[in-house]
Amino acid sequence: MIHSRDVHGSSAPSRGRSLPRLLLAALTGFLTTALLSVGLVATSTAPASAAYPVLQVGSSGADVVAVQYLLTDRGFSTTADGQYGSGTEAAVSAFQSSRGLTADGMAGPQTIGALVRTLRQGDSGPAVQALQVELNKRGASLATDGAFGPATDSAVRSFQSSRGLSVDGVAGPNTWESLFGGSTGTPGTSYDSLSDEQRQNARTIIGVGKGADVPEYGWVIALATAMQESTLINIDYGDRDSVGLFQQRPSQGWGTVAQCTDPVLASKAFYGVATHTPNPGLLDISGWQSMTVTEAAQAVQRSAYPDAYAKWESLARDIVAHESGAPAIY
């Protein structure tokens with residue numbers, strides 16, 4: 001405690017008023033300590049929750065999908081494609097205006113905190129889909145069907161237990177913030193920021209590249225592409241009918257849903273060595289080795305966001321540095 005100095009410059013408390021307060025504070029502290037020692041006063045065990053991310057135009061991945069579902073849940077219908085484009089920006093701005101928030105179109109802590117709602121078993125709808133996407137990002141294997149059933153309840157409890165949260169199966173503010181935040185909430189800075197699932201998918205992409213005699217630079221391109229399209233999570237949602245690590249679309253000839261969500265087959269399709277699709281892959285692109293990561297990735301993906309792949313190059317190279325010993329997959 002900082003005491004106000006008296007007119008003489010002394011920091012000592014005045015006799016008339018401050019001393020009784022000090023004695024009361026000391027007595028209160030003594031009593032609290034005594035009660036704690038016998039368990040009559042509960043202490044808070046809830047950990048400090050991680051901060052929500054800041055999402056904006058150009059962002060992509062599971063967090064963006066979750067925000068898009070949450071916007072739809074709040075009445076601002078948005079396509080849950082994992083790409084933060086102008087449509088998502090407009091929906092965020094509209095939601096912010098409706099809540100009296102700064103309408104900057106960026107989904108930051110205040111906005112996401114206002115979007116989430118407390119969910120429990122028996123609930124359904126887009127908000128539950130957002131929750132399932134976030135749980136899957138953390139290693140669950142849930143269908144994003146919007147039904148909060150026993151499987152989702154179990155996944156919530158498991159996540160809460162792993163984070164030292166109250167294990168009640170209820171997705172409240174602390175659970176939401178911990179799901180969105182943390183070291184694996186927004187992967188992209190280093191290999192250490194990736195989850196076990198992301199690392200395993202990265203090994204698969206590298207292994208398939210090795211098996212097809214793709215040079216190391218090709219692995220970098222493939223990894224950067226998968227980070228942009230799915231954050232290295234084998235997704236069962238995407239833009240229209242796109243799924244899997246590379247958001248390949250069955251309707252565009254990339255294979256069946258099962259083939260597009262098979263990490264090995266999806267990787268082979270991206271490299272251009274698959275037998276289940278006639279679509280050209282990386283090795284079919286003339287001069288790909290002299291292209292930038294973005295140019296080569298775009299030549300295969302033909303994305304609506306052609307400049308988005310470049311931001312993942314540094315991470316892709318870091319992954320290769322750590323996982324270059326992954327076994328070849330044929």
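Residues numbered from 1 in each chain as written. Predicted model: local features only at pLDDT ≥ 70, side-chain atom pairs only at ≥ 80, totals over all residues. Heavy atoms only, no water.

Taking an unreviewed UniProt entry as the reference, the protein chain is identified by name as Peptidoglycan-binding protein belonging to Nocardioides bruguierae.

**So, the packing of aromatic side chains**
Operational definition: When two rings of Phe, Tyr or Trp (its six-membered ring) have centres within 6.5 Å they constitute a pair, described as stacked for plane angles under 30 degrees, edge-to-face for angles over 60, and tilted for the intermediate range. To sort residues, take the accessible area from a 1.4 Å probe on protein chains only and compare it with the maximum for the residue type: under 20% means buried, over 50% means exposed, and anything in between is partly exposed.
A complete count under the given rule lists six aromatic pairs for this structure. Where Phe270 meets Tyr271, the ring centres are 6.0 Å apart and the plane angle is 70 degrees; that geometry is what we call edge-to-face. No difference in accessibility class separates Phe270 from Tyr271, as the two residues are buried. Taken together, Tyr52, Trp176 and Phe180 form an aromatic cluster joined through their ring pairs.

**Examining the packing of helix H5 (residues 126-137) against helix H6 (residues 150-162)**
Two quantities define a packed helix pair, namely the angle between the axes and the distance from one axis to the other. We apply this condition: Convention adopted: a line fitted to C-alpha atoms gives each axis, helices being fitted over their contacting stretch, and angles between N-to-C directions are expressed from 0 to 180 degrees. Numbering of helices and strands runs from the N terminus; a helix is a DSSP stretch of H or I covering at least four residues, while a strand is a stretch of E covering at least two. By the definition adopted for this analysis, an angle is roughly parallel if under 35 degrees, roughly antiparallel if over 145, roughly perpendicular if from 65 to 115, and oblique otherwise. Whether a crossing is left-handed or right-handed is set by the direction in which the near helix is turned from the far one by less than a right angle, anticlockwise for left-handed and clockwise for right-handed. Two residues form a contact once any of their heavy atoms are found within 4.5 Å. For this classification, Asp, Glu, Lys and Arg are treated as charged, while Ala, Val, Leu, Ile, Met, Phe, Trp, Tyr, Cys and Pro are nonpolar and the rest, including Gly, are polar.
Direction vectors running N to C along H5 and H6 enclose 50 degrees, while the axes themselves pass 11 Å from each other. Comparing the axis directions of H5 and H6 gives the class oblique. Where H5 crosses over H6, the handedness of that crossing is left-handed. Taking contact as the criterion, the partners of Leu131, Gln132 and Leu135 in H5 are, on H6, Thr152, Ala155, Val156 and Phe159. Across the contact of H5 with H6, the residue classes break down as five nonpolar, two polar and no charged.

**Side note on the packing of helix H9 (residues 216-230) against helix H13 (residues 313-323)**
Between H9 and H13, whose axes approach to 8 Å, the crossing angle comes to 125 degrees. Judged by the angle between their axes, H9 and H13 are oblique. The two elements H9 and H13 cross, and the hand of that crossing is right-handed. Across the interface between the two elements, Glu216, Tyr217, Trp219, Val220, Leu223, Ala224 and Met227 of H9 pack against Glu313, Leu315, Ala316, Arg317, Ile319 and Val320 of H13.

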